[in-house]
Structures are given as structure tokens and as C-alpha cells.
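Close look at the chain arrangement
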Amino acid sequence: MSSEALVMKNVCKDFKVLNRHEGLKGSIKDLFSRDYKIVSAVKDVSLTVNQGEIIGYLGPNGAGKSTTIKMMTGVLEPTSGEILVNGKVPYKNRTENCENIGVVFGQRSQLWWSLPLIESFKLLRDLYMVPQKDYEEMLELYRSLVDIEPILHKPVRQMSLGQRTLSDILAAFLHNPPVVFLDEPTIGLDVSMKSKIRELILGLNKEKNTTVILTTHDMGDVDALCRRIVIIDKGAKIYDNDIDHLKNYFGSYRTLKLRLEDDTWEETLIDEKTTDVMDVIMEKQKTMKIKDIKILEITTEEVIRKIYEGSER
């Protein structure tokens, strides 16, 4: 049975927020005000992630994802509940926790801006006290997974966005941490670089059995990398299961694509339990000529959107 890389039990995180007043007088009043409200960013979330899993930690903006990740990495202390990462409490053992995790937060690079990538790697090797043999083996693994030679001796400031993101991910895995947190790793990248980064993450996970916690709004990342997803909304966990189960639950949904007489495509999400596809097509034909028809299975992105809509209701 797989060992537990991360465990959360009934974790809550509350923030005390000042009720601010308008205008200059209000700003002065706020300096001495004790009028606070409590905002619950994370509400009673429990989660267990086994070693070697890649899970997608998903949710709309403001759902509590970043707050949860910050507690997992030891940046924030939970208001209540328990968190264990590699068997340690992150905020109580920050130094030890940092030695055993890798982190990539969006566009916040951990590399030295003016130095070639290889020099940043050497500094990180010394910082994490990685044995020379292990360091060289990791570089060889990188070479087998992705073509790193063109960027190894290139200063970070001269790299493209995709090259910097790729380099940051390589840096996060360099000391072979048991757990790596990736926050929006492919944001802003082109299709080719996204594919390369996804292959790299899968390769490192397979070779090193690294647990990966992925937060993203890109459903392509989820489909390519994650067999299991956790969805959080308004601070509460609303789903924790595999993607196939999620799609089966919404199995009656189809996307109907119609190419109209002006050569534009119109898309409609249909639940075949309640709506007949032919009825929709016939109704549309009353007002406009249809030149082509496609019926597609529901995508992960559409499933997630349906869950968000259900949660809001």
C-alpha cells in the first residue's frame, strides 16, 4: 500500500479583515478601529494524497486554493485542523519541510536572474546539499526527458517565458523532493511548450515517484496529468475522485456543434436525459440553414463548469 505523502484533517483557515470606511475621515477612523469581520478562506477540508500521485487541486478564483497550498508549504498556519507533509507539520518544521518539497508558483522564478541556468542549478545543489553523484544523475535524467542543452548556459533574463517555466520546474525537482507543488505551471505558454512541460512532469513523476499537487485553470493540464482531481469552492471541498468517475456522472451530456450558413460554428451543451438532440437541430433549422453537425462527448472543462454552477446554486 502506498505511503501517505500529504494528509489534511478538518483544516480551516480564517482571516480577520478590517471593515473599512469610505473617505478621508473613514481612513483615519480605520487606524484606530477594532471593527473586524472573520472571513473563512478554507472550511473543514480533509484530504489524503499517497506517494506518487498527481492530483489536480481545482477551483474558481477565490475558492481557497492558494490559501490551502500556502498551508501545505508551511507559509501559513491553519486556524484549526491538522496538516502533515512527509509526516511533518509544515509550519512547525519549516526548514525541514522546505528541504523535502519543491514549489513553482506561477511566474515567480526561484532562479538567479542574471546567471546561466547551470549556475543556478549548482547554487541549488549546494543549498540543498545534494550529493554530486545524485546531482549528475538528475541532470542526465533531465537530458533524457527534455532537450536542456540550449538553455543550460543561457542567462535566465534572456530566456522566453516558456524556457523560464521549464527551468523553474527542473529546479523544483533538482533535489529530488518527495512532494512538488505546481501552481499554474503552464499559464501563458504556447501549445508546444505546454506539451513539453506536461511530458516532463509525467516523466519525472514516473522516474522518481514524486507526488505532484497541481493547481491550474487549464483543463488540458488536468486531462494530460491527473487521474484524480479535488475541487474546492468557497473554501469547501465539493469533489474528490478520479476524472473518469466525474465524466461518467455527467455521461448524458453532449456538446452539439452546428456549422451555420455563414460558416460560423455554434455550440450547445445538451443533457440527453432531458433534451432530444434532434429537437434542438430541427428548432434551429427553422431560422437558419445548417451546413454541418458534430456531436462531441463532454469535456473535462465543461464538467468542471457544471460542478461550479451546481455549487453556486
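Anything mentioned here points back to the structure above.
Note that the structure is predicted; figures quoted are calculated from it, not measured. (Residues numbered from 1 in each chain as written. Predicted model: local features only at pLDDT ≥ 70, side-chain atom pairs only at ≥ 80, totals over all residues. Heavy atoms only, no water.)

Some thoughts on the nonpolar core
What counts, and what does not: Joining through side-chain atoms within 4.5 Å is the link that ties buried Ala, Val, Leu, Ile, Met, Phe, Trp, Tyr and Cys residues into a set, and such a set is a nonpolar core. Residue exposure (1.4 Å probe, protein chains only): buried if accessible area is under 20% of the type maximum, exposed if over 50%, otherwise partly exposed. Helix and strand assignments follow DSSP, with helices taken as H or I runs no shorter than four residues and strands as E runs no shorter than two, numbered in order from the N terminus. Any two residues whose heavy atoms approach within 4.5 Å at even a single point are treated as in contact.
Among the nonpolar cores identified, the biggest contains 53 residues, and Phe121, Tyr142 and Ile229 are the most heavily contacted of them. Among the elements that line this core, the one with the most residues is helix α7 (residues 161–173), at six residues. Contact partners of Tyr142, with chain neighbours within four places excluded, come to Phe121, Ile148, Leu170, Phe173, Leu174 and Leu204. With 22 residues, the next largest nonpolar core counts Met72, Phe181, Val230 and Ile232 among its residues.

Structural notes on the sheet that holds strand β9 (residues 236–242)
Convention followed: At least two bridges found by DSSP between two strands are what make those strands a pair. Only the stretch in contact is used when fitting a helix axis, every axis being a line fitted to C-alpha atoms; angles between N-to-C directions are given from 0 to 180 degrees.
The mixed open sheet is built from six strands, whose spatial order is β5-β6-β7-β3-β8-β9. At either margin of the open sheet sits one strand with a lone partner, and together these are β5 (101–105) and β9. For this sheet, the mean inter-axis angle between neighbouring strands, taken without regard to orientation, is 15°. Two strands pair when backbone bridges link them, and strand β3 (residues 54–58) and strand β7 (residues 211–215) are joined in this way by three bridges, in the parallel orientation. Looking at β7, one finds that Ile55 is bridged to Ile213. Across the sheet, helix α2 (residues 65–72) is in contact with β3, β5, β6 (179–183), β7 and β8 (228–233); its angle to β3 comes to roughly 135°. Sheet strands in contact with α7 are β5, β6 and β7, and its direction is about 165° off that of β5.

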